[in-house]
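# Observations on the model geometry
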There are 2 protein chains.
Amino acid sequence: MATADNKLILIYGGKGALGSCLVTYFKSKQFSVISVDLFENTEADKNITLKQTDSWVEQETEALKGVADACGDSKLEAIFCVAGGWAGGNAASHDMVKNADLMVKQSVWSSVIAARIASKFLKVGGVVQLTGAQPATKGTAFMMGYGLAKAAVHQLVASLSSGDTGLPDKALVFAILPVTLDTPGNRKAMSGADTSTWTPLLFIAEYLEKILDGAEKPGNGSLLQLFTEEGKTSIVPV
Amino acid sequence: MATADNKLILIYGGKGALGSCLVTYFKSKQFSVISVDLFENTEADKNITLKQTDSWVEQETEALKGVADACGDSKLEAIFCVAGGWAGGNAASHDMVKNADLMVKQSVWSSVIAARIASKFLKVGGVVQLTGAQPATKGTAFMMGYGLAKAAVHQLVASLSSGDTGLPDKALVFAILPVTLDTPGNRKAMSGADTSTWTPLLFIAEYLEKILDGAEKPGNGSLLQLFTEEGKTSIVPV
């Protein structure tokens, strides 16, 4: 699918807010883009559409089969896993378990399957980016399911970046840890909020491209907190 | 079910190796013991038997209903959640997702449901103990699913110990973080290993009793690493 001019990347969660931004951005930069999501992104060159009701192993099977078809003899330059979502609730919340279940599926299932894809289809020296959350570096009483799912992703980054990881040689694995992303969904859910502290999606797209260009090189295993003030975003490793 | 003389505690995972030890120990100390597990522990005063094939929410529903029946008008002195298991595998392992799924179910589902039980049935000032893992404080490349599930538990402890947690006032929440427990299963799986560095189950039972007695008082939210050398165990907070 990829040609010498069109580098091949995979965006997991390619129909979400951040994922859609990344698909559009990298398409505009002449990348070939595979999107993995529950929904099709028609901008992508290839879609792998997973079923929400499938089990974790079933989703893995579908994803690996789809990526094998999409890649052919090519390898992936990068896997950007930006699937996720948000739900709140402390231990007294009737919905705590239901929400924790959703958070684990959205953040942990996607990240682990992305790691499996990387083990098979990432090029030597390729990039794997996962998505954590800055608040989950501490306790998150008001969003317990969200916090524990993101903490699991943070620890997975550590596992994928040291020792016998099962990834191709010289793979670079890191996570971005946003506080709040400036998405249409967040603007709707928190109307009237101060959006100057929300991280623009385009900042992330540009940062990821700089990593592929070699202009930026985060440490392997790093957890990159994204702090935005007055519309300016700083990257601060945990 | 409890009388003035028989304090009521709940052991989640009460038919596992550590759980069975705790049931026996606390029964010998005149506690009334509720066991929540996939299998019945006939030593316990009351069993709540969950179905492995049930969803997280279904297991929660069954557990809450069973604890309501078992508690009646009484409240729980303590919830000891010692459910868990172990499976290995890095990103290249064919079984990585299958094993991660099992680890999340055994460690995360149980811990979150224990938190839900605590929010409804724990007494003011009661104790919630969860079970993490010392290795998961860092990356665990050779057991990725296990590490991420335990890291989720660690973060849940932080969420349950600060802010508006939804737990009763003055609840004490902490986790034990074993390296290797001296269980029959581990002795079988690792025959010939140096068991002098494995933590005896009885040490944990005695330590938990000391907490209920007030003789030991770990900090709220603490992650207690259990390091054993020459059969002697030290407790070292992370």
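Small disclaimer: the values here were computed from a predicted structure and weren't measured. (Residues numbered from 1 in each chain as written. Chains lettered and ligands numbered in written order. Predicted model: local features only at pLDDT ≥ 70, side-chain atom pairs only at ≥ 80, totals over all residues. Heavy atoms only, no water.)

### A look at the packing of aromatic side chains
Counted by the stated rule, this structure contains 10 aromatic pairs over all chains. Arranged with centres 5.4 Å apart and planes meeting at 35°, the rings of B:F26 and B:F80 form a pair that is tilted. One end of the pair, B:F26, is in helix 1 (residues 17-28); the other, B:F80, is in strand 4 (residues 76-81), and 54 residues separate them in sequence. The same class applies to B:F26 and to B:F80, which are both buried. Look at B:W56 and B:W109: their rings are 5.5 Å apart centre to centre, the planes differ by 10°, and that puts the pair in the stacked class. Of this pair, B:W56 sits in helix 2 (residues 56-71) while B:W109 sits in helix 3 (residues 96-121); the two residues are 53 residues apart in sequence, bridging distant segments of the chain. The rings of A:Y25, A:F26, A:F31 and A:F80 are connected pair by pair, giving a single aromatic cluster. (Phe/Tyr/Trp six-rings, centres within 6.5 Å; stacked < 30°, edge-to-face > 60°. Helix = DSSP H or I, 4+ residues; strand = E, 2+ residues; numbered from the N terminus. Buried < 20%, exposed > 50% of the residue type's maximum accessible area, 1.4 Å probe, protein only.)

### Examining the sheet that holds strand 3 (residues 46-49) of chain A
All names here are of chain A. Read from one edge to the other, the open sheet built from eight strands follows the order 3-2-1-4-5-6-9-10, with strand pairing classed as mixed. Each end of this open sheet is capped by a strand with a single partner; those strands are strand 3 and strand 10 (232-237). Neighbour-to-neighbour, the strand axes of this sheet turn through a mean angle of 20°, independent of strand direction. As judged from the five bridges shared by strand 5 (residues 122-131) and strand 6 (residues 172-178), these two strands associate in the parallel manner. Its bridge partner lying in strand 6, V127 is registered against L172. (Pairing = 2+ DSSP bridges. Axes fitted to C-alpha atoms, helices over the stretch in contact; angles between N-to-C directions.)

### Brief notes about unusual backbone geometry
Leaving glycine out, the prevailing phi sign among residues is negative, and the prevailing peptide bond configuration is trans. You will see that A:K170, though not glycine, has its phi angle at about 60°, which is positive. Structurally, A:K170 can be placed in the loop between helix 4 (144-159) and strand 6.

### Notes on the pairing of strand 4 of chain B
All names here are of chain B. A large share of strand 4 lies buried, amounting to six of its six residues. In this structure, strand 4 lies alongside strand 5 (residues 122-131), joined through four bridges in parallel fashion. By the bridge assignment, F80 is partnered in strand 5 with Q129. Handedness of the β-α-β unit built from strand 4, helix 3 and strand 5 comes out right-handed. (Right-handed = clockwise from strand over helix to strand, strands pointing away.)

### Observations regarding the pairing of strand 10 of chain A
Residue and element names in this part refer to chain A. Relative to strand 10, strand 9 (residues 223-229) runs antiparallel, the two being bridged by six bridges. Residue pairing in the sheet places E229 in a bridge with K232 of strand 10. Once strand 9 ends, the chain turns through two residues before running back antiparallel as strand 10, passing E230 with a positive phi of about 50°.

### Notes on the pattern of salt bridges
All names here are of chain B. Overall, the coordinates contain 12 salt bridges over all chains when judged by the stated rule. In this structure, the salt-bridge partner of R116 is E60, at a minimum N-O distance of 2.8 Å. Note that R116 is positioned in helix 3 and E60 in helix 2, a separation of 56 residues in sequence. For the salt bridge of E77 with K123, the shortest nitrogen-to-oxygen distance reads 2.8 Å. Here E77 is found in strand 4, whereas its partner K123 is found in strand 5, with 46 residues between them in sequence. (Salt bridge = Lys/Arg side-chain N within 4 Å of Asp/Glu carboxyl O.)

### Considering the UniProt feature "domain: NAD-dependent epimerase/dehydratase" (unreviewed entry) in chain A
As recorded in UniProt, the sites labelled "domain: NAD-dependent epimerase/dehydratase" (unreviewed entry) are residues 9-161 of chain A. Regarding residues 9-161 of chain A, the helix share stands at 46% and the strand share at 20%, and the terminal C-alpha atoms are separated by 20 Å. (UniProt positions renumbered as here; feature names shortened; annotations may be inferred.)

### A word on helix 3 of chain B
Between the first and last C-alpha of helix 3 of chain B there are 36 Å, a value that for 26 residues agrees with the 38 Å anticipated at 1.5 Å per step. Taking the largest bend as the criterion, helix 3 of chain B deviates by roughly 30°, centred on B:K105. (Expected span 1.5 Å × (residues − 1). Bend = angle between axes of the 7 residues up to and from the residue.)

### Topic: the environment of B:S20
Residues and elements named next belong to chain B. Relative to the helices and strands, S20 is located in helix 1. Judged by its relative accessible area of 21%, S20 falls in the partly exposed class. Separated by 213 residues in sequence, S20 and T233 have C-alpha atoms that sit 20 Å apart. In this view, S20 contacts G14, K15 and N41; residues no more than four positions away in its chain are not counted. Only 3.3 Å separates the side chain of S20 from the backbone oxygen of K15, close enough to count as a polar contact. (Contact = heavy atoms within 4.5 Å. Polar contact = N/O pair within 3.5 Å; in protein donor to acceptor, adjacent residues only side chain to side chain.)

### Some remarks on the packing of helix 2 (residues 56-71) of chain A against helix 3 (residues 96-121) of chain A
Residue and element names in this part refer to chain A. Where helix 2 contacts helix 3, the two axes come as close as 10 Å, and the packing angle between them is 40°. On the basis of their axis angle, the class for helix 2 and helix 3 is oblique. Both helix 2 and helix 3 take part in a crossing whose hand is right-handed. Contact residues: helix 2 offers W56, Q59, E60, A63, L64, V67, A68 and C71, while helix 3 offers V108, W109, V112, I113, R116, I117, K120 and F121. Here the residues of the contact of helix 2 with helix 3 are counted per class, giving 12 nonpolar, one polar and three charged. (Parallel < 35°, antiparallel > 145°, perpendicular 65-115°, else oblique. Left-handed = near helix turned anticlockwise from the far one by under 90°. Nonpolar A, V, L, I, M, F, W, Y, C, P; charged D, E, K, R; others polar.)

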